[in-house]
Amino acid sequence: MARRKKADEMAARVRNLLAMDAASVMRRLESRRDEMFNLFSRLRSREPLLETIASRYADGAFEHLLHLPEQEQAVVDRYYSTLDEMRWYFTYTEDMPGTAHLNFTKLHKRLEEAYRVLVVTLGPPVSADGARVVDAEVLRREDSPPPEDKTLTRAALPRQRRAAPG
């Protein structure tokens, strides 16, 4: 029983480290997006792009991923594989800044989706004060009336019969 509890605690720590790392990468991408391409264009240096997507924990996490269930491992692998694809592109691209920015946008959308699945699967990271970090959007305020039910229904179309082949 104590061994199982320790394994669960280890898995929770691994989940949190991975969630923190992924959240950090996504925050940097969002906050540096324009600046990193301006620097790439002006300096012809890939460093701003590569530093922005640098991951703290991915290299040393493999042995710790053993503590996660297979499905969670697969989700983590998908996120880091997508991040690696972006890293590879930025490292070796010969594209001009405009084309690189377009390709970044496509890769970033894929990374955002992989990140969304990662957060749903592992949970959001715990902040320094011990609270879970959650990006939230207000859908409805409690003091406002509920929205009308706007369920769309499809009217049944009359069926047309095909003529039998003659």
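Here we summarise the structure given alongside this text. (Residues numbered from 1 in each chain as written. Predicted model: local features only at pLDDT ≥ 70, side-chain atom pairs only at ≥ 80, totals over all residues. Heavy atoms only, no water.)

1. Section: helix H5 (residues 97-122)
Taking 1.5 Å as the rise per residue, H5 with 26 residues should run 38 Å; its terminal C-alpha atoms sit 35 Å apart, in good agreement. Along H5, the residues that are buried comprise Pro97, Ala100, Phe104, Leu107, His108, Leu111, Ala114, Tyr115, Leu118 and Leu122. Elements in contact with the buried residues of H5: helix H1 (2-43) and helix H4 (70-92). Directly beyond the C-terminal end of H5, a positive phi value near 95 degrees is found at Gly123. (Helix = DSSP H or I, 4+ residues; strand = E, 2+ residues; numbered from the N terminus. Expected span 1.5 Å × (residues − 1). Buried < 20%, exposed > 50% of the residue type's maximum accessible area, 1.4 Å probe, protein only. Contact = heavy atoms within 4.5 Å.)

2. Observations concerning the packing of H1 against H5
Running from amino to carboxyl end, H1 crosses H5 at an angle of 165 degrees, the nearest separation of the two axes being 11 Å. Between H1 and H5, the crossing angle belongs to the class labelled roughly antiparallel. Crossing geometry of H1 relative to H5 is assigned as left-handed. Looking at the contact of H1 with H5, its residues break down into 16 nonpolar, 3 polar and 4 charged. (Axes fitted to C-alpha atoms, helices over the stretch in contact; angles between N-to-C directions. Parallel < 35°, antiparallel > 145°, perpendicular 65-115°, else oblique. Left-handed = near helix turned anticlockwise from the far one by under 90°. Nonpolar A, V, L, I, M, F, W, Y, C, P; charged D, E, K, R; others polar.)

3. With respect to the nonpolar core
Counting 32 residues, the largest nonpolar core has Leu29, Tyr79 and Phe90 as the members making the most contacts within it. Mapped onto this core, the elements with two or more residues apiece are H1, helix H2 (47-52), H4 and H5. The leading source of residues in this core is H1, at 11 residues. Excluding residues that lie within four positions of it along the chain, Tyr79 makes contacts with Ala22, Val25, Met26, Leu111, Ala114, Tyr115 and Leu118. (Core = buried A, V, L, I, M, F, W, Y, C linked by side-chain atoms within 4.5 Å.)

4. What to know about the environment of Ser41
Looking at the element boundaries, Ser41 is found in helix H1. A relative accessible area of 40% means that Ser41 is categorised as partly exposed. For the pair formed by Ser41 and Gly98, sequence separation is 57 residues and the distance between their alpha carbons is 8.5 Å.

5. Examining the pattern of salt bridges
Tallied over the entire structure, the rule returns 6 salt bridges. Among the salt bridges present, the one from Glu72 reaches Arg15, with a minimum N-O distance of 2.8 Å. Of this pair, Glu72 sits in helix H4 while Arg15 sits in helix H1, and the two are 57 residues apart along the sequence. On the basis of relative accessible area, Arg15 is assigned to the buried category, the value being 19%. Close ionic contact of Arg110 with Glu85 constitutes a salt bridge, the shortest N to O distance being 2.8 Å. With Arg110 in helix H5 and Glu85 in helix H4, this residue pair connects regions lying 25 residues apart in the sequence. (Salt bridge = Lys/Arg side-chain N within 4 Å of Asp/Glu carboxyl O.)

No statement about biological role is implied by the geometric values presented.
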